[in-house]
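Residue-level structure breakdown
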Amino acid sequence: MANQGAKKRKEENHRHMKNLLYLIVVCNAIYVLIRLLIFHSTFTWKHWIGLVITSMAYGLSYQQLSLMAKPTYSDEGELLDGGFDMNTGGVCGYLHDVIYITCFVQVMSILSGKFWYTYLVIPAFGLYKLFDVSKGFLFQGSESAVEEDEKSRKKREKMEKRASRPKLVRTRYR
């Protein structure tokens, strides 16, 4: 019964990665079949570039996720760790988002080329997160960057005034 959690996570990760691979293959198949076979007269070099870009996005994201999901074994072949939990947020969640956005863009670009603009969500979110992280470093030392409103200023002054008053110690006299 040892390492039941690791075995369970290994199976969940294997199933999850298999489902992601099916999703990627189905989206690529839909795009290629419909775009090349049905709308072949409108298929241009831009569509080839789009296919290469989406394939690279799929490949890099899937490769990183598969490295995260890879289980760890001891020298004797015993399972030590079942891999990273694929249901957590952070980088794992962002990689899943890239795969899902790529699926959406690839399939919807069959209908209109304007759906390629949806891909701008990924770098925009990256810039937002980068600014959010760097904001702490840029404005860390300057106190003028943090302006307090009237209510919090009055509350702070009241607390400072209360703290500066001498404390009365009550004693009993008998």
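Everything here concerns the structure above.
Here goes a summary of the coordinates provided. For clarity, every value in this text was computed on a predicted model and none was experimentally measured. (Residues numbered from 1 in each chain as written. Predicted model: local features only at pLDDT ≥ 70, side-chain atom pairs only at ≥ 80, totals over all residues. Heavy atoms only, no water.)

1. Looking at the nonpolar core
The tendency in soluble globular proteins is for nonpolar side chains to be buried side by side. Within the largest apolar cluster, 13 residues are counted, with the highest numbers of intra-cluster contacts made by Met17, Tyr58, Leu65, Met68, Met86 and Ile99. Only helix H1 (4–38), helix H2 (45–69) and helix H3 (91–108) provide two or more residues apiece to this core. Residue contacts for isoleucine 99: discarding those within four places in its chain leaves Leu20, Leu23, Ile24, Tyr58, Ser61, Tyr62 and Leu65. (Core = buried A, V, L, I, M, F, W, Y, C linked by side-chain atoms within 4.5 Å. Buried < 20%, exposed > 50% of the residue type's maximum accessible area, 1.4 Å probe, protein only. Helix = DSSP H or I, 4+ residues; strand = E, 2+ residues; numbered from the N terminus. Contact = heavy atoms within 4.5 Å.)

2. Examining the packing of H2 against H3
Remark: H2 packs on H3, axes separated minimally by 9 Å, with the N-to-C direction vectors making an angle of 155°. By the angle class used here, H2 and H3 are roughly antiparallel. Considering how the two elements wind past one another, H2 and H3 form a crossing that is left-handed. Mapping the contact onto sequence places Leu51, Thr54, Ala57, Tyr58, Ser61, Tyr62, Gln64, Leu65 and Met68 in H2 and Cys92, Leu95, His96, Val98, Ile99, Thr102, Cys103 and Gln106 in H3. Grouping the amino acids of the contact of H2 with H3 by side-chain chemistry returns 11 nonpolar, 6 polar and no charged. (Axes fitted to C-alpha atoms, helices over the stretch in contact; angles between N-to-C directions. Parallel < 35°, antiparallel > 145°, perpendicular 65-115°, else oblique. Left-handed = near helix turned anticlockwise from the far one by under 90°. Nonpolar A, V, L, I, M, F, W, Y, C, P; charged D, E, K, R; others polar.)

3. Here's the deal with the packing of H1 against H2
Contact pair H1 / H2: the axes reach a minimum separation of 11 Å and the direction vectors enclose 175°. Classified by the angle their axes make, H1 and H2 are roughly antiparallel. Residue-level contacts link Asn13, Met17, Leu20, Leu21, Ile24, Cys27, Asn28, Tyr31, Val32, Arg35 and Leu36 of H1 to His47, Trp48, Leu51, Ser55, Tyr58, Tyr62, Leu65, Ser66 and Ala69 of H2. Classifying every residue of the contact of H1 with H2 gives 14 nonpolar, 5 polar and 1 charged.

4. Description of H3
Here H3 contains 18 residues, and its C-alpha end-to-end distance of 26 Å stays within 8% of the 26 Å for a straight helix at 1.5 Å per residue. Elements in contact with the buried residues of H3: H1, H2 and helix H4 (121–138). (Expected span 1.5 Å × (residues − 1).)

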